[in-house]
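# Structural characterization, general
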Amino acid sequence: SQTIHQWPATLVQPVGSPLSLECTVEGTSNPNLYWYRQAAGRGLQLLFYSVGIGQISSEVPQNLSASRPQDRQFILSSKKLLLSDSGFYLCAWDKGVPDTQYFGPGTRLTVL
Amino acid sequence: GQSLEQPSEVTAVEGAIVQINCTYQTSGFYGLSWYQQHDGGAPTFLSYNALDGLEETGRFSSFLSRSDSYGYLLLQELQMKDSASYFCAGSYGNKLVFGAGTILRVKS
């Protein structure tokens, strides 16, 4: 069976500090991978998606970036965090047709 | 653009039936999904409709009408554990676009 991991579960960072969130998928190959952000009480905002190694599509221009160094690894980064980067970050995967996506447990980021 | 509209909040009593509606923009659309999210948790997949009609999965059913650009999630025999946020999501190309979510409050 497939499993998706995200870490850390929670993170408190000062403004201006760097960020690295990691997501890995087990039990499948060549998945589509996605990063979402969810503000408190709000919907899911798609940040990045990837259909293969090294292929990244950005949906929202901001101070975040994503990379996919391996088939089942997706990384979200920032060089300098802003207060507005606080939120619940979710990684998800699907197998080509984005009708059924499977989400990781999420990382709750607070920028102070 | 691509956006989906759904009510912000619905309240119902235990044992009742509730319907959560969703309207979507048709350009590039090819299917409608529903996800459930409990407080503090990650969204989990409930159902998907690519064709018009009703899909039933236990107490939950989902409906799609392409001619009306409309779908709904129907929850029957409501239980307290159904209290959660429910999101409709449209499939557009390589991605899902999510609605803002509907908070369902189930009262005893």
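Structure shown above.
Residues numbered from 1 in each chain as written. Chains lettered and ligands numbered in written order. Predicted model: local features only at pLDDT ≥ 70, side-chain atom pairs only at ≥ 80, totals over all residues. Heavy atoms only, no water.

### Some words on the sheet that holds strand 6 (residues 53–57) of chain B
Residues and elements named next belong to chain B.
- One open sheet accounts for 5 strands, arranged 1-3-8-7-6; its pairing is antiparallel. Taken across any chain shown, the strands that pair with only one partner, and hence form the sheet edges, are strand 1 (4–5) and strand 6.
- In this sheet, strand 8 (residues 70–75) lies alongside strand 7 (residues 60–65) in antiparallel orientation, the contact comprising 6 bridges. Paired with S65 across the strands is Y70, a residue of strand 8. (Pairing = 2+ DSSP bridges. Helix = DSSP H or I, 4+ residues; strand = E, 2+ residues; numbered from the N terminus.)

### Some details on the pairing of strand 6 of chain B
Residue and element names in this part refer to chain B.
- Where strand 6 lies against strand 7, 5 bridges are found, and the strand directions are antiparallel. Looking at the pairing, E55 lines up with S62 of strand 7.
- The hairpin turn running from strand 6 into strand 7, its antiparallel successor, is 2 residues long, and G58 in that turn takes a positive phi close to 65 degrees.

### A word on the interface of chain A and chain B
- Contacts between chain A and chain B engage 21 residues on the former and 19 residues on the latter.
- With both chains or domains summed, chain A and chain B bury close to 1,500 Å², and 59% of this area falls on carbon and sulfur atoms.
- Linking chain A to chain B there are 1 salt bridge.
- Applying the counting rule to chain A against chain B returns 4 residue pairs in polar contact (both at pLDDT 80 or more).
- Those elements that place two or more of their residues in the side of chain A that touches chain B are strand 4 (32–38), strand 5 (44–52) and strand 9 (87–94) of chain A.
- No other element matches strand 5 of chain A, which puts 4 residues into the side of chain A that touches chain B.
- Residues of the side of chain A that touches chain B, tallied by class, amount to 12 nonpolar, 5 polar and 4 charged. (Contact = heavy atoms within 4.5 Å. Buried area = accessible area lost by both parts, 1.4 Å probe. Salt bridge = Lys/Arg side-chain N within 4 Å of Asp/Glu carboxyl O. Polar contact = N/O pair within 3.5 Å; in protein donor to acceptor, adjacent residues only side chain to side chain. Nonpolar A, V, L, I, M, F, W, Y, C, P; charged D, E, K, R; others polar.)

Any functional reading would require information beyond the geometric quantities listed.
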